[in-house]
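# Inside the fold
So the chains spell out like this:
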Amino acid sequence: MDTSLSNPEKINPTNTNVACPAGNGSVSTVQGSHHSPAANPDATLGRHVARRLVQIGVEDVFSVPGDFNLTLLDHLIAEPGLNNIGCCNELNAGYAADGYARARGVGACVVTFTVGGLSVLNAIAGAYSENLPLICIVGGPNTNDYGTNRILHHTIGLPDFSQEFRCFQTVTCYQALVNNLDDAHEQIDTAISTALKESKPVYISILSNKQGLEAAVDAAAAFLNKAVKPVMIGGPKLRVAKACAAFVELADACGYALGVMPRQRACPGVSSPFHGHVLGCSRHALLRSVGYSLLLKKEKAVIVQPDRVVIGHGPTFGCVLMKDFLKELAKKINKNTAAFENYKRIFVPEGQPRKSEPKEPLRVNVLFQHIQKMLSSDTAVIAETGDSWFNCQKLKLPEGCGYEFQMQYGSIGWSVGATLGYAQSVPKKRVIACIGDGSFQVTAQDVSTMICCGQRTIIFLINNGGYTIEVEIHDGPYNVIKNWNYTGLVDAIHNGEGKCWTAKVNCEEELIAAIETATGEKQDCLCFIELIVHKDDTSRELLEWGSRVCSANSRPPNPQ
């Protein structure tokens, strides 16, 4: 959602309700604290935005100052419940708001007009692809400049001020251009409520149809109770539908073999990278909003969307909320462990990495063996685009351990800003970020903000000398990058201010010592551990994935 604020003048609110998610999946309202400027002399547009952000659960806003948003920032930082976190660039501010929204349910960033708005656009697009309610507030020019032929700085040199607005239309669910005080209050409230309803989750605006729910449950139970070896697959819309707990409840009740799609591994209580093996044991499946074709025919599947249930090629039930459906189905499903028993018979577990020789150069599989031992309910994992995708997918997450990555959009550099935002939203968790050297070079600056905020994240910087994920798709000299002294860079950013500790690791012995220090003596510090690994040290999964992407990208044109 893009909200462009022209000038934070005094406003005359006429409606002080903002829709926001309630615990039962319906839409509740937050009452405003003022009714007119006369009753509250501080009733400026900026203060109204600040109060609304606090009311929907935003305690930290990520910003980059610019001359068009400075007055707005004054009003935001004047709000007692709102903490402004200045970021090094707009892209990172957007990524930080993305990470914050993943843990807190909603995030916000503030940038300046055009030069800031177009810079943050890539992060907003990524949040859109991940169904995250991210409120992007752009401080715009003075209202007196609208409708004139005046050419302003920070623009592309045209008197048309709508360019940024048009760019945001394709990657946001609602756009509010606030340049008239008469409807400013209503526009802001509509924008915020739309972000909550449309971006995450969609179903809040849909009331559950009790008769349709009962019919869907009865039909699904009858369909699945006749299945010989049914399985369950969790997809990325479980979190959007706030149905993770209901999914686990159904899994416990039915006893089916269970698989989880990669983007759903953050769902508490479920964690499995082996859904392909699970499907091989099945004849029928109960699918949770799977976006890709699997090894199943649709006539043998029950597909559950956030507000819709489709049973085979047969009946479709609309206005049925996923969370309600799963809870009710758990009461009527027969327990059937046939597929799970078959899976246990045929599954061969992953082997252990070969034991390292003394002072042998560090291998990536050894690294992740040690990261596995660090995980608990008090930790969270952030996986950067690249080989960390595949290595982190194989981690077995303890209950309560957070896990995030950006699979759909796959923007390199996302994890630095996302780590900043995620860690800020859950300060009691120790975030473990796995970042490649190429990705880190894109967004490295906001390690500075992490230190400034007193965060305790452990960053594993995997230095293999280039864009390894691109190498496995299509190699070339452009995939080799200039090597940095990464620990030296972070030490320079630290500059003796705040708590930060760095280490450079070449072998397993040094890795063990570094982890012991990071989790012991330096547990209250930001810990940056640079890992030197061979340029060809990649996971088997990345090799396979790269080969498939290469084949897909090199297909000849279809004959006309």
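Keep in mind that this is a model prediction, so the values were computed, not measured. (Residues numbered from 1 in each chain as written. Predicted model: local features only at pLDDT ≥ 70, side-chain atom pairs only at ≥ 80, totals over all residues. Heavy atoms only, no water.)

Counting secondary structure elements, the protein contains 21 helices and 20 strands. Here the protein, with 560 residues, has 55% of them falling under the buried criterion. Across the protein, contacts joining residues at least 24 apart in sequence account for 74% of those joining residues at least 6 apart. Within the structure as shown, the protein displays about 23600 Å² of accessible surface, and the carbon and sulfur contribution to it stands at 52%. (Helix = DSSP H or I, 4+ residues; strand = E, 2+ residues; numbered from the N terminus. Buried < 20%, exposed > 50% of the residue type's maximum accessible area, 1.4 Å probe, protein only. Contact = heavy atoms within 4.5 Å. Areas by Shrake-Rupley, 256 points an atom, 1.4 Å probe, with all protein chains shown as cover.)

A few words now on the pattern of salt bridges. Charged atoms that come close allow side chains of opposite charge to pair. In this structure the tally under the stated criterion is 19 salt bridges. Linking aspartate 98 and arginine 102 is a salt bridge whose minimum nitrogen-to-oxygen distance equals 2.6 Å. Placement of both aspartate 98 and arginine 102 in helix H3 (residues 90–104) is noted, with a separation of four residues, approximately one turn of the helix. An identical accessibility class is assigned to aspartate 98 and arginine 102; each is buried. One salt bridge connects glutamate 541 with lysine 394, and the closest N-O pair in it is separated by 3.0 Å. Pair noted here: glutamate 541 is in helix H21 (residues 540–553) and lysine 394 is in the loop between helix H14 (387–393) and strand S16 (402–405), with a separation of 147 residues, a long-range link. Residue class for lysine 394 comes out partly exposed when judged on its relative accessible area of 31%. (Salt bridge = Lys/Arg side-chain N within 4 Å of Asp/Glu carboxyl O.)

Right, let's get into helix H11 (residues 322–332). For H11, the complete set of buried residues consists of Met322, Lys323, Phe325, Leu326, Leu329 and Ala330. Taken around the axis of H11, the buried residues stretch over an arc of 160 degrees, which confines them to a single face. (Arc of directions from axis to C-beta.)

Summarising the element assignment, serine 425 is placed in helix H15 (residues 414–425). According to the relative accessible area criterion, serine 425 is buried, its value standing at 6%. Here serine 425 is in contact with Tyr100, Ala103 and Arg104, once residues within four sequence places are set aside.

We now examine the UniProt feature "binding site: Mg(2+)" (unreviewed entry) in the protein. In the numbering used here, UniProt assigns the "binding site: Mg(2+)" (unreviewed entry) feature to Asp437, Asn464 and Gly466. Annotated residues spanning 30 residues; largest pairwise C-alpha distance 7.0 Å, indicating a single compact cluster. Note that aspartate 437 resides in helix H16 (residues 437–443). In contact with aspartate 437, not counting residues within four places along its chain, are Leu461, Ile462, Asn463, Asn464, Gly465, Gly466, Ile481 and Tyr486. Of note, asparagine 464 is situated in the loop between strand S18 (458–463) and helix H18 (468–473). If sequence neighbours within four positions are ignored, asparagine 464 has contacts with Asp437, Val533, His534 and Lys535. (UniProt positions renumbered as here; feature names shortened; annotations may be inferred.)

In this model, helix H4 (residues 117–129) (13 residues) spans 18 Å end to end at C-alpha, consistent with the 18 Å of a helix rising 1.5 Å per residue. The principal kink in H4, of about 30 degrees, is found at alanine 123. Along H4, the residues classified as buried are Gly117, Val120, Leu121, Ala123, Ile124, Ala125, Gly126, Ala127 and Ser129. Asparagine 131 lies just past H4 and shows a positive phi near 60 degrees. (Expected span 1.5 Å × (residues − 1). Bend = angle between axes of the 7 residues up to and from the residue.)

Quick look at the packing of H3 against H4 now. Taken N-terminus to C-terminus, the directions of H3 and H4 make an angle of 20 degrees; their axes are 7 Å apart at the nearest point. In this view, H3 runs roughly parallel relative to H4, as classed from their interaxial angle. The way H3 lies across H4 gives a crossing that is right-handed. Where H3 approaches H4, its residues Glu90, Leu91, Gly94, Tyr95 and Asp98 are matched on the opposing element by Ser119, Val120, Asn122, Ala123, Gly126 and Ala127. Among the residues making up the contact of H3 with H4, the classes are represented as five nonpolar, four polar and two charged. (Axes fitted to C-alpha atoms, helices over the stretch in contact; angles between N-to-C directions. Parallel < 35°, antiparallel > 145°, perpendicular 65-115°, else oblique. Left-handed = near helix turned anticlockwise from the far one by under 90°. Nonpolar A, V, L, I, M, F, W, Y, C, P; charged D, E, K, R; others polar.)

Let us now look at the sheet that holds S18. Strand order in this open sheet of six strands is S16-S15-S17-S18-S20-S19, and the pairing throughout is parallel. Strand pairing shows two members of the sheet lacking a second neighbour, S16 and strand S19 (500–505), which therefore form its edges. Strand-to-strand twist of the sheet, defined as the mean angle between neighbouring strand axes without regard to direction, takes the value 15 degrees. Examined bridge by bridge, strand S17 (residues 430–436) and S18 share five bridges and lie parallel to one another. Residue pairing for S18: isoleucine 432 is matched across the bridge by isoleucine 458. Of the strands in this sheet, S18, S19 and strand S20 (526–532) touch helix H19 (residues 486–494), which is tilted by about 170 degrees from S19. (Pairing = 2+ DSSP bridges.)

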